[in-house]
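Coordinate inspection notes
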Amino acid sequence: MPGADSIALAQMKAAEVTYTFKKDSSYYYDIQGTVGSGTFIINEDGTQLTMTEEGQTETISAVLSNTSLILSKGSEKMMFTVKK
């Protein structure tokens with residue numbers, strides 16, 4: 001989520017957060033009813049995720065597997081699991 005401040009990140013830690021990444025390179029998220037969307041690119045190695053939302057672009061370190069996605073920037077980390 002480009003431009004998120006420390007308060008927003010703390011709320012994300014305490015809330016249920018859902019990100020949906022689609023095959024057409026779009027994504028959307030729902031953080032306790034706050035929704036947003038954008039586009040993304042993940043590099044071939046699955047180590048960097050670049051997300052663009054409302055003209056703002058952010059590149060985040062990523063660890064991608066068949067069952068999970070871990071995003072990190074500095075000391076902040078978010079782990080997501082695959083929902084089917």
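Predicted model only: the values in this text are computed from it and were never measured.

So, on to the sheet that holds strand β1 (residues 17-21). Ordered by their spatial adjacency, 7 strands build an open sheet running β1-β2-β3-β4-β5-β6-β7, and the pairing between neighbours is antiparallel. A strand with exactly one partner marks an edge of an open sheet, and here the two such strands are β1 and β7 (76-81). Within the sheet, the average angular offset between the axes of one strand and its neighbour, ignoring direction, is 30°. One ladder, built from 6 bridges, connects strand β6 (residues 68-73) with β7; its direction is antiparallel. Along β7, the bridge assignment pairs Leu69 with Phe80.

This brings us to the packing of aromatic side chains. Enumeration over the complete set of coordinates arrives at 7 aromatic pairs. Relative to Phe40, the ring of Phe21 lies with its centre 5.0 Å away and its plane at 85°, an arrangement referred to as edge-to-face. Note that Phe21 is positioned in strand β1 and Phe40 in strand β3 (residues 34-42), a separation of 19 residues in sequence. Given the relative accessible area of 28%, Phe21 is considered partly exposed. One aromatic cluster is present, built from ring pairs that chain together Tyr19, Phe21, Tyr27, Tyr29, Phe40 and Phe80.

Turning our attention to the pattern of salt bridges. Summed over all chains, the structure comprises 1 salt bridge. Among the ionic pairs, Glu58 bridges to Lys73, the shortest N-O distance being 2.9 Å. One end of the pair, Glu58, is in strand β5 (residues 56-64); the other, Lys73, is in strand β6, with 15 residues separating them in the sequence. Taking the relative accessible area as the measure of exposure, Glu58 reaches 15% and is therefore buried.

What follows covers the nonpolar core. Proteins that are soluble and globular tend to have nonpolar side chains buried together. Membership of the largest hydrophobic core comes to 13 residues, with the highest contact counts inside it found for Tyr19, Tyr27, Leu49, Met51, Leu71 and Phe80. When contributions to this core are tallied by element, the ones reaching two or more residues are β1, β2 (26-31), β4 (48-53), β5 and β6. The dominant element in this core, judged by the number of residues it contributes, is β2, at 3 residues.

Two elements, β2 and β3, share 6 bridges in a ladder whose sense is antiparallel. The residue bridging Tyr27 from the neighbouring strand is Gly38, located in β3. A loop of 2 residues connects β2 with β3, the two strands running antiparallel in sequence, and Gln32 in this loop sits at a positive phi of about 45°. Relative to β4, β3 is paired through 4 bridges, and the arrangement is antiparallel. The residue of β4 that forms the bridge with Thr39 is Thr52. Joining the antiparallel neighbours β3 and β4 is a turn of 5 residues, in which Gly46 adopts a positive phi near 70°.

How each quantity is defined
- Residues numbered from 1 in each chain as written.
- Predicted model: local features only at pLDDT ≥ 70, side-chain atom pairs only at ≥ 80, totals over all residues.
- Heavy atoms only, no water.
- Pairing = 2+ DSSP bridges.
- Helix = DSSP H or I, 4+ residues; strand = E, 2+ residues; numbered from the N terminus.
- Axes fitted to C-alpha atoms, helices over the stretch in contact; angles between N-to-C directions.
- Phe/Tyr/Trp six-rings, centres within 6.5 Å; stacked < 30°, edge-to-face > 60°.
- Buried < 20%, exposed > 50% of the residue type's maximum accessible area, 1.4 Å probe, protein only.
- Salt bridge = Lys/Arg side-chain N within 4 Å of Asp/Glu carboxyl O.
- Core = buried A, V, L, I, M, F, W, Y, C linked by side-chain atoms within 4.5 Å.

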